[in-house]
Amino acid sequence: MNNKRLFYTCSLVLATSGLTLSPLSAEATELRYAVGFPAGVPLDAAKQYSSAVSELTDDQYSVRIFELSLLNHSEMSSGIGDGMADIGYLLTAYSPSDYPFSNLAADMSMKLALDDRAEGKEGYAYSGAMLEYILLNCPECLDEFKANNQVYTGVVSTPTYGMFCNDPVTTTSDIEGKRIRISGAPWARWVRNFGASPISLPIGESYEALSQGVIDCTFFSAPELTNFNLIEVVKNINMDLPGGLFAAGGATTLNKDRWNSFDADTKHAMLKAGSVMSAYVTYLYQEQANQDLSAAEERGINIISADNALIEDSKEFIRSDLEVVPSYYSNEYGIDLERAEELAGVMSDLIDKWQVIVSDIDDPDQLAEIYWDEIYSKIDHTDYAAQ
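Reference entry: report on the structure contained in this document.

What counts and what doesn't
- Residues numbered from 1 in each chain as written.
- Predicted model: local features only at pLDDT ≥ 70, side-chain atom pairs only at ≥ 80, totals over all residues.
- Heavy atoms only, no water.
- Salt bridge = Lys/Arg side-chain N within 4 Å of Asp/Glu carboxyl O.
- Buried < 20%, exposed > 50% of the residue type's maximum accessible area, 1.4 Å probe, protein only.
- Helix = DSSP H or I, 4+ residues; strand = E, 2+ residues; numbered from the N terminus.
- Core = buried A, V, L, I, M, F, W, Y, C linked by side-chain atoms within 4.5 Å.
- Contact = heavy atoms within 4.5 Å.
- Axes fitted to C-alpha atoms, helices over the stretch in contact; angles between N-to-C directions.
- Parallel < 35°, antiparallel > 145°, perpendicular 65-115°, else oblique.
- Left-handed = near helix turned anticlockwise from the far one by under 90°.
- Nonpolar A, V, L, I, M, F, W, Y, C, P; charged D, E, K, R; others polar.

### Let's talk about the pattern of salt bridges
For the coordinates displayed, the defined rule picks out 10 salt bridges. Here D115 ties to R117 by a salt bridge, and the two come within 3.1 Å at their closest N and O atoms. Taking the relative accessible area as the measure of exposure, D115 reaches 29% and is therefore partly exposed. According to the relative accessible area criterion, R117 is partly exposed, its value standing at 39%. Note that D216 and R179 form a salt bridge whose closest N and O atoms lie 3.3 Å from each other. With D216 in the loop between helix 9 (206-211) and strand 8 (217-221) and R179 in strand 6 (residues 179-181), this pair connects stretches of sequence that are 37 residues apart. Overall, the relative accessible area of 16% leaves D216 in the buried class. One salt-bridge network, held together by shared partners, links K111, D115, R117 and D352.

### What to know about the nonpolar core
Where a protein is soluble and globular, its nonpolar side chains tend to be buried together. Counting residues in hydrophobic clusters, the biggest one holds 112 residues, and the most contacted among them are Y33, Y49, Y89, Y133 and W190. The element best represented in this core is helix 12 (residues 264-298), accounting for 12 residues. Excluding residues within four positions of it along the chain, W190 makes contact with M110, M163, I175, F219, L241, P242, S314 and F317. Grouped together as the second largest cluster of nonpolar side chains are 15 residues, I215, L225, I231 and A289 included.

### Notes on the environment of A147
By the secondary structure assignment, A147 is in helix 6 (residues 139-147). In this structure, the C-alpha to C-alpha distance between A147 and D98, residues 49 residues apart in sequence, is 8.5 Å.

### Examining the packing of helix 2 (residues 41-56) against helix 12
Between helix 2 and helix 12, the least distance of the axes is 8 Å, while the angle of their chain directions is 155 degrees. Our classification of the angle between helix 2 and helix 12 gives roughly antiparallel. For the crossing formed where helix 2 meets helix 12, the hand is right-handed. Within the contact between the two elements, helix 2 uses V41, P42, D44, A45, A46, Q48, Y49, A52, V53 and L56 and helix 12 uses A269, M270, K272, A273, G274, V276, M277, Y280, V281, L284, Y285 and Q288. Counted by class, the contact of helix 2 with helix 12 contains 17 nonpolar, three polar and two charged residues.

And the structure:
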């Protein structure tokens, strides 16, 4: 761990002047952390989280990471709630009916494509907006986790989504008739708006589907070029479209019974460790995106741009579609429409706010500190997720 990170985590402990740590345990209590990935950024960030937990609890607790072996993504929500894992890298999109209030905000990410204030740092901004939305503005979101015997302490946001295609896509007419793998309802609506067909496929099947022409394009963030070896089959990449990113998840979601077993000092430490994970997973994803796009270009993959007319048509669709999100969640999941519209307005304002806040961020520890100062520090850790 570098000196800056050590300084940051130590300073976090010292900042809790009103708290007294319990005596140092002879042996750390192990917390099982299930991460449904075999490798990559989630695991790299999880190691930073593990170190933070040890440091911030004065080695009273340790985190053992189970990469894919303990729970997969579809098992994660029930597995955390049942106590198979103490902590889990939860993707709430896999259980949409359990987390509609949380996913509502995640489905507004295409708003990022309407301006370039956070260009290259969109994930930093969206992580901040999601954290502030769930932790400070959406009690219904916290209730969703509570109903699943879980406690939310950290976010996950990918970099922005682009089009990975066999043939070049630069104009509106290029999209018409294409079969495009999508990652959620907003992208499906975008595809239909441009006369193409949205295709739902498991992420692991995208390589074969592209290589065999079963699909013409897929929407992904750049790290999937190497995470799923798409760099071997993709011929054209357009990062101007469609925009948005994946943010439907809680990277450090705790089992509520385990949370309730912690004393006040440990709860405080776990929230701080959550700010570290939220920053590192977001920052490292963007770092990998930059590296993978450079590698793709060096490999001879065409990095292309959309023409201005298509970009403006896309923005026009996004503006109108953002108004659809509340009614979609109201109709699909029975959320009160007025409350859904209110929460969508809150999230919209937070997206604008966080695009400004992260504009000068160039370090994951700095990002963690901002998440802590702006959001986590405002939580009453003694009462958070109380029984």
